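Architecture at a glance
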Amino acid sequence: MPRKVNYGLDYDDDYDDYYDDYDIDYDAEDNGNLHKPSQETTRSGIWRCSICTYDNDQSMIACDICGVLRNPLPSSGISNGNDLKTAPFKFDVPSPDDIVTNGLRSSKMGPKASANVTRNNTPAPLTTISSNSSSLTMSKGRNVTGNENNQLKNGERNLRSSVKSPGTSSSYREGGVEYTLPMDEIKPQSLAHSLDSVSINVRGVYSNSYGTGKAASPGQYKPEKWMLPEAEDGLLSQLNLAIVGHVDSGKSTLSGRLLHLLGRITQKEMHKHEKEAKLQGKGSFAYAWALDESPEERERGITMTVAVAYFDTKRYHVVVLDSPGHKDFVPNMISGATQADAALLVIDASNGSFEAGMDSSKGQTKEHAQLIRSFGVDQLIVAVNKMDVVEYSKDRFDLIKKQLGTFLRSSGFRESSVLWIPLSAMENQNLVTAPSDIRLLSWYKGPYLLDAIDSLQPPTRDVLKPLVMPICDVIKSPSMGQVSACGKLEAGALRSGVKVLVMPSGDVGTVRSLERDSRPCAIVRAGDNVAVVLQGIDTSQVISGGVLCHPDFPISIAKHLELKVLILDGASPILIGSQLEFHIHHAKEAARVEKMVSLLDPKTGKVMKKAPRCLLAKQSAVIEVVLQGPVCAEEFLSCKALGRVSLRALGRTIAVGIVTRVIEKEP
C-alpha cells in the first residue's frame, strides 16, 4: 500500500487543486486547449499523484488510490504509441467507464455499445495511449482532459470491483497486472437495475419475510402421507359446539350441568362450587361457576370470555365453546364462535325474557343467530331452557318456536337443519336422558339434548389443503424463548418439527410441540382445537388475529377489501365514509366505507342499482372498505374461514358478509 507523505497543511494549495479540476474542463470546452497538470516528483523511484497527493511506486502507471493515470507515462512502463499495435477507439459510443462515472444519466454520445466486444469476428477498436501527452487521444480528434480521464479510471475501477456480467470482456493493465472486465453490452440504465435488484435481494435475505415472493397456487399443493387422516379404532370425530344466546338465558348453567352429568366435573369440585356460590348469595350459579372461573365473572354473574370444555357422546368428541351473551362482550363471542361447526342457541322460556332477547335494540338472540349463520354454521339446536318456570307449557314452547322459527328461516337456516329441544338445566330434564317430569312427557316425544347432538351431521375437514390456522389466543414464555398459538386448525395438518409461516409478520418458526384438548399429541389435523408451541421466532410477532400458514402458501395481507354484505334488521343507514368495526376470524380493525359498488337483489343476487348513495336495513350490497391496519384475509371462494366478515357500529352488529375481492395486498 503506498504511503502518503506529510508535506504540511497548505489550504491555499488544496483549494487551487480543487478549482484546477474545473478550470481544465472549462478551458477545454471553450478554447479547445488542454491544461497540462504538472508532474510532481518527490524523490527517485516515487512519483506523486497530482490529484490525491499519494506517493506511488515508479513502476505504477496509475495512482493506486484514485486510479488517475501518470502523466507523462514512463517509457519503461509501456511502449509508445508507435510500438503498440492497437486500433483507435471509436468515441461516438459510450464506453463502460462513461456508463459508470456518468451515473444513471443517459449517454449523449450516440448509439449504445460496449468496449472490447467482438462482433462478426471483428475485434472492437482499442484506445491509443500517447506517451508524450497529458491526455488520451481518441479517434475523431476528440481530446479527453485529465479530469475526464480521472473519472474514466475511477469508473473502471468501480465497475471492476462491483459489476460483473457474463459475456465478453475488456482488459485493463495496472502495475504490470492485467485485469479483465466482463462487459456484456452494458446499457446506461443497467447499473440502476442492478442496484435495485441487489437491494431487493438483500431485503429478502435478511427480513425472513415471504410477503415479497410470489405465492404458489393452492392447486400445486400436495399433502404428505402423514397428513392424511387414518382410521383409528375408538377415536371419536370432533365437533366444535358454540353455545350462544341472550344474557341470563342459562348458557353456562346448561354447560356446567352437562359436564357434571357426563363425568367431566367431579362431585368434589361440584361441592366446592356450590359452597362458594352460597357464600356469595348466588346458590343457583354453582354449575355456571364450573366455567366462569374469573373473580370478575363470578361477581357480575355473567360470562365475559369464551370458556372451553370437553365431553364425549356416542359419536362425537364435543368441544364446548361457552360464549358470552352480554352485548358488551359480543366481540368475544365472535372470536370464539368462529370456530364452531354447529351451534346450541339457548332460549329463556320465562315470561318476558324471551321477548327481551328478541328485542332488536337490546336483545342478543337475533344478533347471535345471525352471527352464527354468517360464520357458516348451518346446523342449529334451539334449547328452550327454564321450561320449569312456565310449568312445561306446550303453548309457551309453540309460541317461541313459531316466532323464532320465522326469524331463523329469514336468516338462512333451513327448517330441516334446526332441532327444537324443551328442557330445564336446573332440574335436569331432557338433558342426557329422556325427561321424567310428567308435564313434559305428556306432549313432547322428541329426542333429548345429548341425542340431538349425536344426530348432527359430521363437518367436512380440509385436510388436503395447505395449512391455515387463525390464532385465537397467545401464551408467551419469554424466558424459554417460545410462544404458544391457540386456535382451530381450519385446513391442513401439523406435527412437531415442521416450519410454519406466521402472518402478518411474515416470520418463520418451528413447531416444538402440540397440544390437543390440553394433552400432548404428535399430529393434529383440520378441525382440531390445538395449542401450537413455536420456537425460533420473536414472541412479539405472534399475535391474536394472526394466522399460521404453510411457508410456500402465504395468506394475503390487505387493508382494502371488497365485501358482499347483508344489512341486518334495525341497522342505521350506511353511507360512504361511515366508520365501522371490522371483524374477520379473530381479528378486529377499524374500517371506513370507501365505495358503494352496487345494490343487489336479496333473492337472486343480481345487480339492481350501481353506486347507491346509502344502504338501509335488509338490503344486500357490494361495498369497498379500507381498514386502519392490515389483516389476514382471503377471498371467500379460496378460504371460507378467512373470507367471512361482520361489521359493527355503536355496540351492535349492523352487517354480515363475505370477502369477494382483495383489492390491495400488503407487501
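This is a predicted model, so every value here is computed, not measured.

Rules used throughout
- Residues numbered from 1 in each chain as written.
- Predicted model: local features only at pLDDT ≥ 70, side-chain atom pairs only at ≥ 80, totals over all residues.
- Heavy atoms only, no water.
- Helix = DSSP H or I, 4+ residues; strand = E, 2+ residues; numbered from the N terminus.
- Buried < 20%, exposed > 50% of the residue type's maximum accessible area, 1.4 Å probe, protein only.
- Contact = heavy atoms within 4.5 Å.
- Areas by Shrake-Rupley, 256 points an atom, 1.4 Å probe, with all protein chains shown as cover.
- Salt bridge = Lys/Arg side-chain N within 4 Å of Asp/Glu carboxyl O.
- Polar contact = N/O pair within 3.5 Å; in protein donor to acceptor, adjacent residues only side chain to side chain.
- pLDDT = per-residue confidence, 0-100.
- Core = buried A, V, L, I, M, F, W, Y, C linked by side-chain atoms within 4.5 Å.
- Phe/Tyr/Trp six-rings, centres within 6.5 Å; stacked < 30°, edge-to-face > 60°.
- Lys NZ or Arg CZ within 6 Å of the ring centre and 35° of its normal.
- 1 Å grid on protein atoms, 1.4 Å probe; cavity = no way out; pocket = protein on both sides within 12 Å on 5 of 7 lines; lining within 4 Å.
- Points joined across faces, edges and corners; volume = space filled by probe spheres on them.
- Pairing = 2+ DSSP bridges.
- Axes fitted to C-alpha atoms, helices over the stretch in contact; angles between N-to-C directions.

Let's talk about the overall build of the protein
A tally of helices and strands in the protein yields 13 helices and 32 strands. In the protein, which comprises 667 residues, the proportion classed as buried is 48%. A sequence separation of at least 24 residues applies to 68% of the contacts in the protein between residues at least 6 apart. Total accessible area on the protein stands at roughly 33700 Å², and carbon and sulfur atoms take up 50% of it.

Some details on the pattern of salt bridges
In this structure the tally under the stated criterion is 12 salt bridges. Among the ionic pairs, Glu367 bridges to Arg648, the shortest N-O distance being 3.1 Å. Of this pair, Glu367 sits in helix α10 (residues 365–374) while Arg648 sits in strand β31 (residues 644–649), placing them 281 residues apart in sequence. Using a relative accessible area of 8% as the deciding quantity, one classes Glu367 as buried. Overall, Arg648 belongs to the buried group, its relative accessible area being 4%. Several salt bridges share partner residues, and in doing so they unite Asp341, Arg461 and Lys488 into one network.

Topic: the side chain of Asp348
Note on placement: Asp348 falls in strand β11 (residues 342–348). Of note is the side chain of Asp348, whose polar atom sits 2.7 Å from the side chain of Ser350. Side chain to side chain, Asp348 and Ser353 meet in a polar contact 3.2 Å long.

Describing the confidence of the model for the protein
Summing up the model confidence of the protein, the mean pLDDT is 74 and the portion of residues at 70 or higher is 70%. Considering each helix and strand of the protein separately, the mean pLDDT is smallest for helix α4 (residues 190–206), with a value of 34, and largest for strand β13 (residues 418–422), with 95. Low pLDDT, under 50, characterises residues 73–91; the stretch is placed with 34 contacts to residues that sit more than four places away or in other chains. Predicted confidence is poor over residues 103–214, with pLDDT under 50, and the contacts of this stretch with residues over four places away or in other chains come to 186 contacts.

Focus: the nonpolar core
Within the largest apolar cluster, 72 residues are counted, with the highest numbers of intra-cluster contacts made by Leu254, Leu344, Ile372, Val382, Leu404, Leu408 and Leu449. Looking at which element gives the most residues to this core, the answer is β11, with six residues. Residues contacting Leu344, with those up to four places away along its chain left out, are Leu241, Ala242, Ile243, Val244, Leu254, Ile381, Ala383 and Leu449. Counting 29 residues, the second largest nonpolar core, distinct from the first, contains Ala571, Leu599, Leu615 and Ala655.

Things to note about the packing of aromatic side chains
Scanning the entire structure with this criterion turns up two aromatic pairs. Between Phe397 and Trp443, the aromatic rings sit 5.4 Å apart at their centres with planes inclined by 45 degrees, giving tilted as the arrangement. Separated by 46 residues along the polypeptide, Phe397 in helix α11 (residues 394–410) and Trp443 in the loop between α12 (438–441) and α13 (449–454) bring together distant segments of the chain. By the burial criterion, Phe397 is buried, and Trp443 matches it. Note on Trp443 and Tyr444: the rings are 6.2 Å apart at their centroids and 75 degrees apart in plane angle, and the pair reads as edge-to-face. Across the pair, exposure class does not vary: Trp443 and Tyr444 are buried alike. A connected cluster of aromatic rings, assembled from ring pairs, spans Phe397, Trp443 and Tyr444. In this structure, Arg373 packs its charged tip against the face of Phe413, placed 5.8 Å from the ring centre.

Here we look at the layout of surface pockets
For the second largest pocket, the calculated volume is near 1200 Å³. Contributing to the lining of the second largest pocket are 43 residues, with Gln238, His317, Arg516, Asp517 and Asp528 lying nearest its centre. When contributions to the lining of the second largest pocket are tallied by element, the ones reaching two or more residues are β8 (237–245), α6 (267–279), β9 (307–312), β20 (519–521) and β21 (523–525). With five residues, the single largest contributor to the lining of the second largest pocket is β9.

Notes on helix α8 (residues 330–337)
Of all eight residues making up α8, seven are buried, and the element is well covered by its neighbours. Restricting attention to buried positions, one finds in α8 the residues Val330, Pro331, Met333, Ile334, Ser335, Gly336 and Ala337.

Some points on the environment of Ile576
Position of Ile576 among the secondary structure elements: in the loop between β25 (574–575) and β26 (579–584). In this structure, the C-alpha to C-alpha distance between Ile576 and Val625, residues 49 residues apart in sequence, is 9.4 Å. Residues within four places of Ile576 in sequence aside, it is in contact with Val593, Glu594 and Met596.

Points about the pairing of β31
Consecutive side chains of a regular strand alternate in pointing toward one face of the sheet and then the other. For β31, a buried count of six out of six residues is recorded, marking the element as mostly surrounded by other parts of the structure. Residues of β31 alternate between two faces, with Arg644, Ser646 and Arg648 on one and Val645, Leu647 and Ala649 on the opposite face, all of them buried. Relative to β31, β26 is paired through four bridges, and the arrangement is antiparallel. In the sheet register, Glu581 faces β31, and the bridge partner there is Arg648. Linkage of β31 to strand β32 (residues 652–665), two consecutive antiparallel strands, is achieved through a turn of two residues, within which Leu650 is found at a positive phi near 55 degrees.

Quick notes on helix α5 (residues 251–261)
Counting buried residues along α5, 10 of its 11 residues qualify, which places the element largely inside the surrounding structure. For α5, the set of buried residues is Lys251, Ser252, Thr253, Leu254, Ser255, Gly256, Arg257, Leu258, Leu259 and His260. Of the residues trailing α5, Gly263 is marked for its positive phi of about 85 degrees.

Looking at the environment of Ala649
Mapped onto the fold, Ala649 is located in strand β31. On the basis of relative accessible area, Ala649 is assigned to the buried category, the value being 18%. Between the C-alpha atoms of Ala649 and Glu581, which are 68 residues apart in sequence, the distance is 6.0 Å. Ala649 has contacts with Gln579, Leu580 and Ile654, leaving out every residue within four places of it along the chain.

Section: the pairing of β9
Sheet topology places β9 next to strand β10 (residues 316–322); six bridges connect them, and they run antiparallel. Bridge pairing in β10 links Tyr310 to Val319. In textbook terms, the turn of a hairpin is the stretch between consecutive antiparallel strands, and for β9 and β10 this stretch comprises three residues.

Points about the sheet that holds β10
The strand order across the open sheet formed by six strands is β9-β10-β8-β11-β12-β13, and the pairing between neighbours is mixed. The open sheet terminates on both sides in strands that have one partner only, identified here as β9 and β13. Across the sheet, the mean angle separating the axes of adjacent strands is 25 degrees when strand polarity is ignored. Sheet topology places strand β12 (residues 380–385) next to β13; five bridges connect them, and they run parallel. Its bridge partner being in β13, Leu380 is matched across the sheet by Val418. The strands that α11 touches are β11, β12 and β13; relative to β13, the one it contacts most, it runs at about 155 degrees.

Some thoughts on unusual backbone geometry
At the junction of Met503 and Pro504, the peptide bond is cis and its omega measures out at 10 degrees in the coordinates. If you trace the backbone, Pro504 turns up in the loop between β18 (499–503) and β19 (507–516). A positive phi angle, close to 55 degrees, is found at Asp517, a residue other than glycine. Looking at the secondary structure, you find Asp517 in the loop between β19 and β20. Asp517 sits in the buried class, given a relative accessible area of 16%. Positive phi outside glycine occurs at Ala611, with the angle close to 50 degrees.

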